[in-house]
Amino acid sequence: MDDHIGLRKTIRLFGLGVLAASLTVAAPACRDGLRSGDRPEDRASRPLIWPAAEPGPYDVGYRLLHEHDPARTFKPKFDYFGKPTEGPITRPLQISVWYPARSISGRKRMRLEDYYHARATETDFTRPSSQRLEILMNRLKNIWPIEFRIPPEGRNAIRARIDEALREEVFAVRDAPPETGPFPLIVHMPGYNGSPDNQAYFFEYLASHGYVVAAVPNMGRSSRGIDDEAASLDVQARDLEFVVARMGKFSKVDLSRVGTTGMSWGGFSNVLFGGRNARVDAVLTLDGAITMPEELKLIEAVPGYSHEKFDKAYMQLLVAPAEAKFRPKDLRFFEALEYGDAHMIQFRGVDHDEFACGYLRLRNLRETDPARIAALEEFSRTVYRCALLFFDAYLKGDEEAYRSLEEAAEGWSEGGAENGTVVLRRFKKAKPRPMTRGEFMDIVTTRGAVEASKIYADYSRTHPRNDLIVNSVIGPIYMDAFESGDLKEAMAICELWRTGLPDEPGPLFSMARIHLAAGENEKAIGCYETILAMNVGPETAAAARRRLEEARAGAGRIAQ
């Protein structure tokens with residue numbers, strides 16, 4: 001699919017509609033054996049997941065959820081002519097859900113085309129007619145051969161092969177009864193204008209191994225296609241936040257274990273989401289836009305965002321920079337990561353689009369070289385296995401999975417892959433993350449300023465340039481203690497305040513106020529004199545001088 005990054009705004013809503021990703025990986029680097037809880041006796045009777053990937057211990061169910069986010073609007077209240085908009089104006093979110101299911105023996109499995117039918121209801125939840133579905137599928141089948149670069153004379157033949165593939169059964173069963181959980185949740189954001197269908201096989205695989213996967217279309221702020229790129233980035237991060245909240249109502253989901261995947265454009269809106277949502281433990285990007293220089297500019301412009309603050313476990317799978325012809329690479333994000341385990345694997349010999357396994361399933365129909373077909377299918381299986389390793393390690397606490405990831409990177413030398421697909425493998429172990437200001441202020445308010453001062457002193461030895469103490473935050477905490485009459489705690493807060501901000505007059509003014517309240521005028525005088533000896537502005541100096549005179553007058557009256 002020819003979707004040069006400079007032309008991404010023209011990517012069609014139908015067709016792939018995603019900036020997918022691509023990789024191949026040396027098979028020995030990832031494992032895919034029986035896992036705890038597998039039922040070997042059940043596996044022989046179940047189909048494999050395309051492309052011949054062995055499923056985990058669970059059958060898989062699939063359902064569509066039609067939701068509206070009441071906090072956001074998608075349509076105007078009135079149209080151009082002043083007529084009220086018909087139907088809801090709130091943001092529609094169609095959530096595709098794959099989940100571990102109870103035994104589905106005797107139940108009819110879905111067909112591949114069923115996943116693509118979901119595109120008909122992404123913004124209009126009305127049940128589609130057979131005619132509407134036929135129009136949708138005909139349009140896709142006309143677009144795909146063009147995207148596959150099939151010459152006109154060969155398109156009828158490839159359409160016939162696509163028809164055959166779309167009729168194939170997939171692993172999932174629609175609305176199958178869910179298995180007893182709860183299970184970790186993985187939320188997914190597709191590529192530019194993309195739909196979840198192009199990763200359906202991948203999601204079936206993850207669900208069969210004990211994950212609930214929920215995915216939404218990649219949409220703009222007020223239209224099905226991206227309408228404003230900078231705004232759409234934040235909109236999509238909020239879409240994922242909504243999905244997590246909605247899936248919390250699903251009794252089989254464990255919201256204490258949440259991960260996210262994102263492909264291409266979705267592979268940086270999910271980074272924004274994952275970085276700022278405390279529930280998220282693991283973030284996976286598939287040749288994500290977080291590796292692309294122009295997209296990096298967009299995320300770096302988001303207020304409050306910085307690469308350095310990202311502290312989640314992260315896996316970055318991408319086309320090697322030397323082979324990224326149409327999507328140049330910028331590894332600034334990965335290089336900035338310090339506070340979460342970070343994995344990066346670079347690959348050669350594959351295209352960006354080939355990370356979309358569903359799309360690859362159809363595009364592979366054009367291939368005539370059996371070796372190439374086999375290589376691409378093995379590539380998809382390896383993607384599944386490596387993603388499973390990552391999520392098992394960080395969402396399920398699987399020590400064997402973690403060791404596999406760590407040892408593969410430690411034993412790697414550049415250019416050392418036997419099959420020549422892996423160019424580089426890196427693993428950066430997380431450093432202890434810095435304490436946040438909120439965390440430190442919680443310590444002050446719950447443990448008291450005396451203990452907080454000891455913790456601050458220890459922390460400052462390793463983080464001498466920290467910003468845990470600021471006037472606007474610690475000042476109100478002091479006021480709460482002072483106004484409640486706890487002068488001892490109020491003074492301890494002021495002493496901590498001054499430790500953190502020794503050149504600021506604020507803590508000294510507050511200490512003087514405490515001394516005055518305790519009748520210790522001489523100590524208050526000392527505070528004001530210290531302020532006047534500091535390099536403060538004229539207004540601050542005038543205020544300190546005035547209060548110094550008042551304190552001296554008060555001390556004189558006490559002496560008399």
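These figures come from a predicted structure and were not determined experimentally.

Draft legend 1. Local environment of the nonpolar core. One finds W98, L185 and M247 to be the most contacted residues of the largest nonpolar core, which totals 128 residues. The leading source of residues in this core is helix α11 (residues 370-395), at 12 residues. Listed in part, the 41 residues of the second largest apolar core include F482, W497, M511 and A543.

Draft legend 2. Looking closely at the packing of aromatic side chains. All told, the structure shown has 28 aromatic pairs when counted by the stated rule. When the centroid spacing of 5.9 Å and the interplanar angle of 75° are considered together, the rings of Y394 and Y402 count as edge-to-face. Comparing Y394 with Y402 shows no difference in burial state: the two are buried. Every member of this aromatic cluster is reached through a ring pair, and the members are Y62, W98, Y115, F202, F203, Y205 and Y384. The aromatic ring of F171 is capped on one face by R109, whose charged end is 5.0 Å from the ring centroid. The ring of Y211 has K396 lying over it, and the distance from NZ or CZ to the ring centre is 4.3 Å.

Draft legend 3. Expanded view of the environment of L487. By the secondary structure assignment, L487 is in helix α16 (residues 487-500). Overall, the relative accessible area of 27% leaves L487 in the partly exposed class. Each C-alpha atom of the pair L487 and A517 lies 8.4 Å from the other, and the pair is 30 residues apart in sequence. For L487, the contacting residues outside a window of four places in its chain are F482, I514, A517 and A518.

Cut-offs and rules
- Residue numbers run consecutively from 1 along every chain, following the written order of its sequence.
- Local features in a predicted model are, by the rule used here, given only for residues with pLDDT of at least 70; side-chain atom pairs are given and counted only at 80 or more, and totals for whole chains, interfaces and linings are based on all residues.
- Think of the side-chain values as coming from all heavy atoms in the structure, minus any hydrogens and water.
- Grouping buried Ala, Val, Leu, Ile, Met, Phe, Trp, Tyr and Cys residues that are joined through side-chain atoms within 4.5 Å yields what is termed a nonpolar core.
- Only protein chains enter the area calculation, which uses a 1.4 Å probe; residues under 20% of their type maximum are buried, those over 50% are exposed, and those in between are partly exposed.
- Elements are defined by DSSP. Helices are runs of H or I of four residues or more, strands are runs of E of two residues or more, and each kind is numbered from the N terminus.
- Working definition: rings of Phe, Tyr and Trp (its six-membered ring) pair if their centres are within 6.5 Å, and the pair is stacked with planes under 30 degrees apart, edge-to-face with planes over 60 apart, and tilted otherwise.
- Put simply, a charge is over a ring when the Lys NZ or the Arg CZ is close to the ring centre, within 6 Å, and near the line of the ring normal, within 35 degrees.
- Residues are treated as being in contact if the distance between any of their heavy atoms lies within 4.5 Å.

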